[in-house]
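# Observations on the model geometry
One letter stands for each residue in the lines below.
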Amino acid sequence: MLAGDETLEDEMYETEIEIKSSDGLHMRPAMQFVDLANQFDSEITVSNQQDTADAKSIMQMTVLAATYGSKLKVVAKGRDAKQAIEALKELVDTKLFGNAAAGQDEKE
Amino acid sequence: MDVKKGIAVSPGISIAKSLVIDAEDYRIPRRSIHPSKRMIEVQRVKNSFKEAARELSNVAVKQSQIKQQEIKDIFAVHMRFLKDKTLLKKITDVISHEAVTAEYAVSSTLRDIASHFLKVNDPYISERAADIYDIERRLLRQLLGSKQEDIEHLTEEVVIVARELSPTQTAGFNKSFVKGIASDAGGRTSHAAIVARSLGIPAVVALEDLTEIVSGGDTVIVDGNRGIVIVNPDDETLKRYEQYSEGFTLLEHKFTAVKEKPAITRDGTRVMLLGNIEFPEEAEVVLEKGGDGIGLYRTEFLYLNRETEPSEQEHYNAYAQTIKVFQHRPVIIRTVDLGADKYTQSKRFAREPNPFLGLRSIRFCLQNLEMFKTQLRSILRASELGEVKIMFPLITSIHELMQAKMILRDVMEDLDEESINYKRDLHIGIMIETPSAALMGATLARDVDFFSIGTNDLTQYTLAVDRGNELVSTLYSAVDPAVLRLMRNIIQEAHKARIDLSVCGEIASDPECIMLLLGMGVRVLSLAPPMIPEIKQIIRTVHINDCNDIARTILSMNSERQISNFLRDSARMIIPEAF
């Protein structure tokens, strides 16, 4: 696995996330995940045991059907791969989707 | 080359490129395109995504007041689907690889995804299938909407091919470029048929699966004389049809020569020929074809193709436009005949299990007085401009007639109070289109100035046959002895009461039936404008004594088959040049 070589165009990072929201990667969590992924230039994929989905596609992420407790592998490839992985991991692990962001939603 | 047999509903031959209109509510058939057109279809899909997203964001703004987070979320999910590049690519790939229409690529791809969602054993995912169908509809609406615009802004002659044509679609036709109509569904009196006849373009309906065979741009021959549609004809067939079409045009020119002459039989019996119209612009066609006025001005079109009810002024303007064409000649305005097969867009009509026996026509008006009064007011105001007559449709009893007349009087009183002028002596009449009205003719005649026999509905209600249902439409015949006996009764009652009588159904434009109608005592016919010259030619050829003989013989017959055979034979014998 490559790490930190700034000169390379195709940096690749990966991480593992666990879906801890009770609804799984449904509706709002899925939208948040897709929206965040779309902010990066890198190609980002999410896979479970059977399938791999484009993290920027709501269609493919819906098909992936990540439920509570699912363990997913996230792979990012590109200029901002490192930031992408960090941000997505933060959304899932630290911000716990809606829960940490609930207040923020109300303000919108 | 494919040859399809359907029902001929409007005469003539047209040869042109096809414009296929798919319907949002039906499965979109797989339709190939020329590989060179792939870029265009890909662009159409991209535009439809963009437009659907724009439409959705407008809806979302309107609904931003909604507190329910769930609904907001659903809109938000739809929006993300519409912005999903992977989804867009999946669809455009279908077009690029398979060379099919944008409509088919959108529909088949999204339905694949939806059925995949349905199979997933997770209620959240399977519920998303409904979202996918919703997105499919949004996209198809954009694609079909752009097709609708195509019809409105045509630049070359086309034959319209559709599953079924709605009044909304035909109202927007660019009449100078639509040269023919062919539809999968429909019968002799379906909407597509009526519109085609009023525009004087050939049409064939009940072609079953034509839309699955034709691709947009294919050359199509519509033979409205024989009820045949030929897709991509070979050179020989094309040449044969071009010759045939020329011959038919010559015959039409011959009919046109009589348009300045009066409709008088050989013995000097004067017949009045009026036109049935839907749009004010058609009044000019009636005049051009040598008609003496308007015998049936359908007003439903003021209500269709729009979201709000027409205002009094809009009614007035439409009527004024028509009346000005005819000035001192009669214009019979029929009050709105909505319901059953004609609905407004605002869906004020609840679904009914049996719409033809339900809340339609005058019944609907009598329950929606405000709407009814608006129309009556504008008709009364327009009565100042010419010889306007008012006609109530679907009257079934004296009670209904009394109610309608009472409301008309109310409106008159309102106008009096406001010192608005109208013709106090304007004629009031009714359509005779139910067996009950035909049987109660003697009673009804006392309270009206004229009867107009609507043979289409009269036939359907007398014989209990849905005229639009291909499975039973062969049972539908306006010359069924039962229908003719009802007609004889109503004609006699009108004569006894010395009130005017006209026939405004399809039978009035059927060349074979003209002698019968004259023989039964009819002197006013109201028909599709393009048919006026031909019918006039027939009238000028016959002698009233022959007509009387034919009517007497026919009214003694008891079988429809016997009657229609006799009519065909006698028409051929007496006026061979027309057949």
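About the cut-offs
- Residues numbered from 1 in each chain as written.
- Chains lettered and ligands numbered in written order.
- Predicted model: local features only at pLDDT ≥ 70, side-chain atom pairs only at ≥ 80, totals over all residues.
- Helix = DSSP H or I, 4+ residues; strand = E, 2+ residues; numbered from the N terminus.
- Buried ≥ 20, exposed ≤ 12 C-beta atoms within 10 Å, placed from the backbone.
- Contact = placed C-beta atoms within 7 Å.
- Axes fitted to C-alpha atoms, helices over the stretch in contact; angles between N-to-C directions.
- Left-handed = near helix turned anticlockwise from the far one by under 90°.
- Nonpolar A, V, L, I, M, F, W, Y, C, P; charged D, E, K, R; others polar.

### Structural notes on the overall build of chain A
When its secondary structure is counted, chain A shows four helices and four strands. With 108 residues in all, chain A has 35% of them scored as buried.

### Focus: the environment of S18 of chain B
Residue and element names in this part refer to chain B. Following the sequence through the fold, S18 ends up in strand β3 (residues 13–21). With 24 C-beta atoms counted inside 10 Å, the residue S18 sits in the buried group. In this structure the C-alpha to C-alpha distance between S18 and T219, which are 201 residues apart in sequence, comes to 6.1 Å. Once residues within four sequence positions are removed from consideration, S18 is found in contact with V158, V159, V161, V214, G216, G217, D218 and V220.

### Notes on the packing of helix α11 (residues 312–326) of chain B against helix α13 (residues 369–382) of chain B
Residues and elements named next belong to chain B. At their nearest, the axes of α11 and α13 sit 9 Å apart, and the two run at 40° to each other. For the crossing formed where α11 meets α13, the hand is right-handed. Here E312, H315, Y316, Y319, A320 and I323 of α11 lie close against α13, whose contacting residues are T374, Q375, R377, S378, I379, R381 and A382. Looking at the contact of α11 with α13 residue by residue, the classes come out as six nonpolar, four polar and three charged.

### Side note on helix α7 (residues 191–199) of chain B
All names here are of chain B. The buried count for α7 comes to nine of nine residues, which makes it a mostly enclosed element. Of all the residues in α7, the buried ones are H191, A192, A193, I194, V195, A196, R197, S198 and L199. Once α7 finishes, G200 follows within two positions and takes phi at roughly 70°, a positive value.

### Examining the interface of chain B and chain A
Listed by partner, the interface residues are 15 residues for chain B and 15 residues for chain A. Counting residues per element, the ones that place at least two in the side of chain B that touches chain A are α2 (69–82), α3 (85–98), α4 (102–119) and α5 (123–152) of chain B. Among the elements that line the side of chain B that touches chain A, the one with the most residues is α2 of chain B, at five residues. Looking at side-chain class alone, the side of chain B that touches chain A contains eight nonpolar, two polar and five charged residues.

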